[in-house]
Amino acid sequence: MTHGRTRAEMTMDDQEPAPPVRVLVVDDQRLIRDGIASLLAIRPGIVVVGTAVDGRDAVAKTLELGPDVVLMDVRMPEMDGIEAVAVLRGRAPECRVVMLTTFEDEEYVVQALRAGAHGYLLKDLPAEELAHAVRLAHAGVTQLDSSVARHLTAFLPALTPAPVAKPEPAETAAVLSPRETDILRLVAQGHTNREIAARLYLSEGTVKNHVSRILTRLALRDRTQAALRARDLGLL
């Protein structure tokens, strides 16, 4: 007697795997550049398509190789990372650029985000977290290193775009539940979903769902915009 596969089994078996995330690593120090590339190359779902030695080289390699995500150092000769981000924003807008650096200086963070970076992370990130950050960047999630985000509050006005019509704080806050307001405050303070879950005794998946609803209800694109709105609401 033979047994046919269930529809669920057929669906799972027949699904094609998602294409790997194509990554370009940019750093003027060869040891760091090659080390990051090697660490990412062995991670599932990630392919390192190349490396670049400075911002000018990064622009050329991006246009040539078409990576999904560029990991970009800040300080480099010829053209620094922030200038390269601004160029790529115009010439390769579909590419996600994440700054990966040793500098926690808030001014660098502000300049990078204003230039169009999709994240700002520090090089002491564990390899698995870096791989996860690459996948999130590819999915369109803007990320800030938690140690950087906690010191960014004083510089938030520099990230604020030109004034546009928006709901009054009280009106905006009314659309959030008390739990969502608590989560928004913690997001703005730079906490990860895992850290928020531990503080509020929730599952990480529940926090992720809350964050998605907050972004949708407040018409926000990412966690950086959420931090700006939290400041406007007086939550910081």
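Quick notes on the rules
- Along every chain, residues carry numbers that run from 1 in the direction the sequence is written.
- Two thresholds apply to this predicted model, a pLDDT of at least 70 for residue-level local features and 80 or more for giving and counting side-chain atom pairs, whereas whole-chain, interface and lining totals are computed over all residues.
- Side-chain metrics in this entry use all non-hydrogen atoms of the structure; hydrogen atoms and water are not considered.
- Pairing between strands is defined by DSSP: at least two bridges between them are needed.
- In this text, helices come from DSSP runs of H or I with a minimum length of four residues, and strands from runs of E with a minimum of two, each type numbered from the N-terminal end.
- Note on contacts: a residue pair is in contact if any heavy atoms of the two residues lie within 4.5 Å.
- Comment: axis = line fitted to C-alpha atoms, over the contacting stretch for helices; angle = value between 0 and 180 degrees taken between N-to-C directions.
- Salt bridges, as used here, are contacts in which a Lys or Arg side-chain nitrogen is within 4 Å of a carboxyl oxygen on Asp or Glu.
- Exposed residues in this analysis have more than 50% of their type's maximum accessible area, buried residues have under 20%, and partly exposed residues fall in between, with area computed by a 1.4 Å probe over protein chains only.
- Here, the term right-handed applies to a crossover whose path from the first strand over the helix to the second runs clockwise when the strands point away from the viewer.
- Throughout, nonpolar core names a set of buried Ala, Val, Leu, Ile, Met, Phe, Trp, Tyr and Cys residues whose side chains join them through atoms within 4.5 Å.
- Known as pLDDT, the predictor's confidence for each residue is given on a scale from 0 to 100.
- By the definition adopted for this analysis, an angle is roughly parallel if under 35 degrees, roughly antiparallel if over 145, roughly perpendicular if from 65 to 115, and oblique otherwise.
- Crossing chirality is assigned from the near helix's rotation relative to the far helix, an anticlockwise turn below a right angle marking it left-handed and a clockwise turn marking it right-handed.
- Under the scheme applied, nonpolar residues are Ala, Val, Leu, Ile, Met, Phe, Trp, Tyr, Cys and Pro; charged residues are Asp, Glu, Lys and Arg; polar residues are all the others, including Gly.

Novice: What should I look at first to understand the sheet that holds strand β2 (residues 46-52) in this one?
Specialist: Adjacent strands of a sheet form backbone hydrogen bonds with each other and so pair up, either parallel or antiparallel. Spatially, β2-β1-β3-β4-β5-β6 is the arrangement adopted by the six strands of the open sheet, whose pairing is parallel. Both outer strands of the open sheet, β2 and β6 (143-144), are each paired with one neighbouring strand and no more. Against the sheet, helix α4 (residues 81-91) touches β3 (69-72) and β4 (96-101), its axis set at about 175 degrees to β4. Lying on the sheet, helix α6 (residues 127-138) is in contact with β1 (21-26), β2, β3, β4, β5 (119-122) and β6; it crosses β3 at an angle near 130 degrees.

Novice: Got a minute to help me understand the pattern of salt bridges in this structure?
Specialist: Where charged atoms from two side chains of opposite charge approach closely, those side chains can pair. Counted by the stated rule, this structure contains 10 salt bridges. Its salt-bridge partner being Lys123, residue Asp27 comes within 2.6 Å of it at the nearest N-O pair. A residue pair is termed long-range when its members are at least 10 positions apart, and Asp27 in the loop between β1 and α2 (30-41) and Lys123 in the loop between β5 and α6 qualify at 96 residues. Looking at Lys123, the relative accessible area reads 23%, which means it is partly exposed. Where Arg194 meets Glu204, a salt bridge forms, and the shortest distance between an N and an O atom there is 3.6 Å. In this pair, Arg194 sits in helix α11 (residues 193-200) while Glu204 sits in helix α12 (residues 204-217), placing the two residues 10 residues apart along the sequence.

Novice: Help me understand the environment of Asp222, please; the structure alone is not making it clear to me.
Specialist: Counting through the fold element by element, Asp222 comes out in the loop between α12 and α13 (223-232). Through-space distance from the C-alpha of Asp222 to that of Val211 is 9.5 Å; in sequence the pair is 11 residues apart. Here Asp222 is in contact with Thr142 and Leu215, once residues within four sequence places are set aside.

Novice: Would you mind showing me how to read the pairing of β1 here?
Specialist: Of all six residues in β1, five are buried; the element is thus mostly enclosed. Where β1 meets β2, six bridges bridge the pair, whose relative direction is parallel. Following the sheet pairing, Val23 is matched in β2 by Val48. Between the parallel pair β1 and β2, the chain is carried across by α2, and the sense of this crossover is right-handed.

Novice: Honestly, the nonpolar core in this entry has me stumped. Any pointers?
Specialist: One broad trend across soluble globular proteins is that nonpolar side chains are buried collectively. Of all hydrophobic cores here, the largest spans 26 residues; its most connected members are Val26, Val70, Met72, Ile82, Val97, Met99 and Tyr120. If you list the elements that add at least two residues to this core, you get β1, α3 (55-65), β3, α4, β4, α5 (106-115) and β5. The leading source of residues in this core is α5, at five residues. With near-sequence residues (within four places) excluded, Val70 lies in contact with Leu24, Val26, Thr62, Cys95, Arg96, Val97 and Val98.

Novice: Looking at this structure, how should I read the confidence of the model for the chain?
Specialist: Caution applies to low-pLDDT regions: their predicted coordinates should not be interpreted in detail. Across the chain, pLDDT averages 82, with 81% of residues at or above 70. Throughout residues 160-168 the model reports pLDDT below 50, and contacts reaching past four residues in sequence, or to other chains, amount to five contacts.

Novice: Sorry, what's going on with the side chain of Asp145 here?
Specialist: Tracing the sequence through the fold places Asp145 in the loop between β6 and α7 (146-149). Each residue touching Asp145, except ones within four places of it in the same chain, is listed here: Tyr120, Leu121 and Leu122.

Novice: Got a minute to help me understand unusual backbone geometry in this structure?
Specialist: Even without glycine at this site, Glu78 takes up a positive phi of about 70 degrees. A residue is classified by how much of its surface remains accessible, and Glu78, at 61% relative accessible area, is exposed. Residues other than glycine seldom take positive phi values, yet Tyr201 does so here, at roughly 60 degrees.

Novice: For this particular structure, what's the right way to read the packing of α11 against α12?
Specialist: Each pair of packed helices can be summarised by the angle the axes make with each other and by the distance between the axes. Contact pair α11 / α12: the axes reach a minimum separation of 8 Å and the direction vectors enclose 110 degrees. Considered as vectors, α11 and α12 are oriented roughly perpendicular to each other. As α11 runs across α12, the sense of the crossing is right-handed. For the pair formed by α11 and α12, the contact residues are Asn193, Arg194, Ile196 and Ala197 on the first element and Glu204, Val207, Lys208 and Val211 on the second. Split by residue class, the contact of α11 with α12 holds four nonpolar, one polar and three charged.

Novice: Could you clarify how one ought to interpret the pairing of β4 in this entry?
Specialist: Two faces, one strand: in a regular strand the side chains alternate between the faces of the sheet. With five of its six residues buried, β4 lies for the most part within the structure. Sheet analysis places β3 next to β4, joined by four bridges and oriented parallel. For Val69, the partnering residue across the bridge sits in β4 and is Arg96. Viewed along the sheet, the connection from β3 through α4 into β4 turns out right-handed. Handedness of the β4-α5-β5 crossover: right-handed.

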